[in-house]
Amino acid sequence: MGCSASCSGRIVHSDDDKIKDAKIIFVVGGPGSGKGTQCEKVVAKYGYTHLSSGDLLRAEVASGSERGKTLQAIMQKGELVPLDTVLDMIKDAMIAKVDVSKGFLIDGYPREVKQGEEFEKKIGAPCLLLYIDAKGETMVKRLMKRGETSGRSDDNEETIKKRLDLYYKATEPVIAFYSSRGIVRKIDSELPVDEVFGHVAKAIDGLK
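Everything quoted here is computed from the prediction, not taken from an experiment.

(A) Looking closely at helix H9 (residues 193–205). Helix length check: H9, at 13 residues, gives a terminal C-alpha distance of 18 Å against a target of 18 Å (1.5 Å per residue), a fit within 8%. Buried residues along H9 sit against strand S3 (24–29), helix H2 (35–46), strand S6 (128–133) and strand S7 (184–188).

(B) Layout of the nonpolar core. Ile90, Met94, Ile106, Tyr109, Phe119, Ile123 and Leu129 are the most contacted members of the largest nonpolar core, which totals 33 residues. If you list the elements that add at least two residues to this core, you get S3, helix H3 (53–63), helix H4 (66–76), helix H5 (83–97), strand S5 (104–107), S6 and helix H8 (157–179). A per-element tally of this core places H5 first, with 7 residues. In this structure Tyr109 touches Phe26, Val27, Val28, Ser53, Leu83, Val86, Leu87, Ile90, Gln115 and Phe119, once residues within four positions along its chain are discounted.

(C) Here's a closer look at the sheet that holds S6. Strands sit in the order S4-S5-S3-S6-S7 across an open sheet of 5 strands; the sheet is parallel. Strands with a single pairing partner mark the edges of an open sheet, and in this sheet they are strand S4 (49–52) and S7. In this sheet, neighbouring strand axes are inclined to one another by 25° on average, regardless of whether the strands run parallel or antiparallel. Here 5 bridges tie S6 to S7, and the two strands are oriented parallel to one another. Note that in S7 the partner of Asp133 across the bridge is Asp188. Contacts from H3 reach S4 and S5 within the one sheet, and its direction differs from that of S4 by about 75°.

(D) Inspection of empty space enclosed by the protein at higher detail. If you walk through the whole model with that rule in mind, you get 1 cavity of 30 Å³ or more. Space inside the largest cavity adds up to approximately 30 Å³. Surrounding the largest cavity, Val27, Gln38, Cys39, Val42, Leu130, Ile132 and Val200 form its lining. Residue assignment for the lining of the largest cavity shows that the elements contributing at least two residues are H2 and S6. Looking at the lining of the largest cavity, the element that brings in the most residues is H2, giving 3 residues. Of the residues assigned to the lining of the largest cavity, the class counts are 6 nonpolar, 1 polar and no charged.

(E) Broad picture of the pattern of salt bridges. This structure, assessed with the given rule, holds 13 salt bridges. Here Asp99 ties to Lys18 by a salt bridge, and the two come within 3.2 Å at their closest N and O atoms. Here the residue Asp99 occupies a position in the loop between H5 and S5, and Lys18 occupies one in helix H1 (residues 15–21), the gap between them amounting to 81 residues. Across the pair Lys186 and Asp133 runs a salt bridge, and its minimum N-O distance is 3.7 Å. Of the two residues, Lys186 is situated in strand S7 and Asp133 in strand S6; the sequence distance between them amounts to 53 residues. Take Lys186: its relative accessible area is 58%, and that puts it in the exposed class. One network of salt bridges, in which partners are shared, links Glu60, Arg67 and Asp92.

(F) Fine view of the environment of Leu83. Checked against the element boundaries, Leu83 lands in helix H5. Along the backbone, Leu83 and Ala201 are 118 residues apart, and their C-alpha atoms lie at a distance of 31 Å. In this structure, Leu83 is in contact with Tyr109, Lys114, Gln115 and Glu118, ignoring residues within four places of it in sequence.

(G) Local environment of the UniProt feature "binding site: AMP" (unreviewed entry) in the chain. When the UniProt feature table is mapped onto this chain, "binding site: AMP" (unreviewed entry) is found at Ser53, Arg58, Glu79, Leu80, Val81, Gly108, Tyr109, Pro110, Arg111, Gln115, Arg152 and Arg163. With respect to the helices, strands and loops of the structure, Ser53 is situated in helix H3. If near-sequence neighbours (up to four positions away) are discounted, Ser53 is found in contact with Val86, Ile90, Asp107, Gly108 and Tyr109. Relative to the helices and strands, Val81 resides in the loop between H4 and H5.

Reading the values: rules and limits
- Residues numbered from 1 in each chain as written.
- Predicted model: local features only at pLDDT ≥ 70, side-chain atom pairs only at ≥ 80, totals over all residues.
- Heavy atoms only, no water.
- Helix = DSSP H or I, 4+ residues; strand = E, 2+ residues; numbered from the N terminus.
- Expected span 1.5 Å × (residues − 1).
- Contact = heavy atoms within 4.5 Å.
- Core = buried A, V, L, I, M, F, W, Y, C linked by side-chain atoms within 4.5 Å.
- Buried < 20%, exposed > 50% of the residue type's maximum accessible area, 1.4 Å probe, protein only.
- Pairing = 2+ DSSP bridges.
- Axes fitted to C-alpha atoms, helices over the stretch in contact; angles between N-to-C directions.
- 1 Å grid on protein atoms, 1.4 Å probe; cavity = no way out; pocket = protein on both sides within 12 Å on 5 of 7 lines; lining within 4 Å.
- Points joined across faces, edges and corners; volume = space filled by probe spheres on them.
- Nonpolar A, V, L, I, M, F, W, Y, C, P; charged D, E, K, R; others polar.
- Salt bridge = Lys/Arg side-chain N within 4 Å of Asp/Glu carboxyl O.
- UniProt positions renumbered as here; feature names shortened; annotations may be inferred.

Listed below in structure tokens is the structure:
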């Protein structure tokens, strides 16, 4: 879209330009890796906006909008929501916050290389990928613990292990793709939470 000049001669940036210029950080980590906790800490310290594609989908369905009804029908059939729809929702959420946000944490996305490529075409390129990494057995333990109180039917050992298998298969090519660009920072989330955040903060402070 580019920039347009207003009557006063001032340069006005379109919303697309604004989000392309924004700092975008992809946050990747398995279920139970602790990435949600680290995202909260980044929001508190740096003034970033935390966007999770799963949360956006659930909120849209809960809103009862036309798009929400369509999404609910797709998910009830067990089908995947079209990539374009997910990207539109992320883009809309970014545009809504771009004037008050220092940057964006895109949580749990991309799940495959194609999603990353489409994101860059439609929205913009990430300046960093934070890979919040925990051992498989640690994530199983954390999710089993959560299952004691969450009431979530998928917090049982068999389902958790399946989710982790899917996560590893999907994530390895994504990590390799962005590692080739030199923007991946692998963070060991076996450490105490504040130590993990120390490493996360160091990675963000290193951004130009």
